[in-house]
Amino acid sequence: MFKKIIVISLTLGLLLGGSIAQATPIQNSVIEVQAKAKIKLNVTKKTIDKGKTYTLKVSGTSKKVKWSSSNKSVATVSSKGKVTAKKAGTTTISAKVSGKTLKCKITVKNPITRQKIVVIDAGHQAKGNNAKEPIGPGAKEKKAKVTTGTTGKWTKKKESEINLAVAKKLRKELEKRGYKVIMVRTKQNVNISNKERADIANKAKADVFIRLHCDGSNNKRVNGAHTIAPTSKNKYVPKKAKSSSQKLAQSIISSFCKKTKAKNRKVSYRDDMSGINWCKVPVTIIEMGFMSNKDEDKKLATSAYQTKCASGKGHCKDYPYIS
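A short tour of the structure in this document, coming up. (Residues numbered from 1 in each chain as written. Predicted model: local features only at pLDDT ≥ 70, side-chain atom pairs only at ≥ 80, totals over all residues. Heavy atoms only, no water.)

## Side note on the packing of helix 2 (residues 159–176) against helix 7 (residues 303–312)
A pair of packed helices can be characterised by two numbers: the angle between their axes and the separation between those axes. Defined as follows: Note on geometry: axes are C-alpha line fits, over the in-contact stretch for helices, and angles between N-to-C directions span 0 to 180 degrees. Helix numbering and strand numbering both begin at the N terminus, where a helix is a DSSP run of H or I of at least 4 residues and a strand a DSSP run of E of at least 2. When an angle is under 35 degrees it counts as roughly parallel; over 145 it counts as roughly antiparallel; between 65 and 115 it counts as roughly perpendicular; any other value is oblique. Two helices cross in a left-handed way if the nearer one is turned anticlockwise from the farther one by less than a right angle. They cross in a right-handed way if the turn is clockwise. In this analysis, two residues are considered to be in contact whenever any of their non-hydrogen atoms come within 4.5 Å of each other. Under this grouping Gly is polar, as are all residues other than the nonpolar Ala, Val, Leu, Ile, Met, Phe, Trp, Tyr, Cys and Pro and the charged Asp, Glu, Lys and Arg.
At a minimum axis distance of 8 Å, the contact between helix 2 and helix 7 shows a crossing angle of 55°. The orientation of helix 2 with respect to helix 7, classified from their angle, is oblique. In terms of crossing hand, the pair formed by helix 2 and helix 7 is right-handed. Listed contacts from helix 7 to I162, A165, V166, K169, L170 and E173 of helix 2 are S303, Q306, T307, C309, A310 and S311. Looking at the contact of helix 2 with helix 7 residue by residue, the classes come out as six nonpolar, four polar and two charged.

## Here's the deal with helix 2
The criterion, for reference: One less than the residue count of a helix, multiplied by 1.5 Å, gives the span that helix is expected to have.
End to end, helix 2 covers 26 Å across 18 residues, agreeing with the expected 26 Å (1.5 Å per residue, within 8%). Lining the buried residues of helix 2 we find strand 10 (117–122), strand 13 (180–183), strand 14 (208–215), strand 17 (283–290), helix 6 (294–300) and helix 7. The positive-phi residue at the C-terminal boundary of helix 2 is G178, with phi of around 95°.

## Remarks on the environment of S73
Here is the rule: Whether a residue is buried, partly exposed or exposed follows from its accessible area with a 1.4 Å probe, protein chains only, as a fraction of its type maximum: under 20%, in between, or over 50%, in that order. Identification of polar contacts relies on pairs of N or O atoms within 3.5 Å, with a donor-acceptor requirement for protein atoms, meaning one able to donate a hydrogen and the other able to accept it, and with residues adjacent in sequence counted only if both atoms are side-chain atoms.
Position of S73 among the secondary structure elements: in the loop between strand 5 (66–69) and strand 6 (75–77). In this structure S73 comes out as partly exposed when scored by relative accessible area, which is 37%. Residues S73 and T91 lie 18 residues apart in sequence; the distance between their C-alpha atoms is 8.9 Å. In this structure S73 touches K86 and K87, once residues within four positions along its chain are discounted. A polar side-chain atom of S73 sits 2.6 Å from a polar atom in the side chain of N71.

Dropping the structure here:
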């Protein structure tokens, strides 16, 4: 009896084992067929900034995919599924493979760009501060923190007043063009040193720092406008800011003189200007005219000419290094 039980148990084990062994490859084949059937795109909708690209991928097949775009003016697609965003709008990218058509909705948006920052410094102030400060980081040489500036020989107007009037008009001009404008000062009675003025521009991470000034000379026949920029050997201004400052100075004086018809006295390259040496951002000083010259002194005192001065410096959108 005991031997019969053992024989029956062994027989059942072999039968069951054989069934399981035979079932396993069948089950694997079913899974493999199902896996091959899942042909799909990696995404069915995607948002891309204008000018950017994104690559669509088809999984579950090794066969060749035929790509197409329903609106090529919005986005195109290459033979390898690379989508290139052309302009704002929507399009459908289709992928045809193995008798199936897979689709992805592409939305193209205009990129959000950082608003450019322009810091305007109306040079000088109502009352100067003769206390000394270094002309640049680590400099032994020192100069007055800020002076009162010159005065019109005929109009008796203070330079600081003219600078402020033009600064306010320039702010309005630049804001119309979409720039964020930060004013170093908006009134006469302040006490801000040249270093502190540069600090304001540095802290704001300004794309451009424009410092407005007027000139004076012992020779009343001298006239015209010029800008000031650091030399290539300036040891205080960072290399990138130094190069950009020189380009800024060249662009502004050209634009300014074209608009105002003032004599173009070009760019002066100097390394003794505290308000430039403390800068880590592109900076220039624009000397808008000579208040020691009768014609320019009188023009600078008029609102109409001040507006010309402002619009002549308002073409920041044309400067390649901040556009």
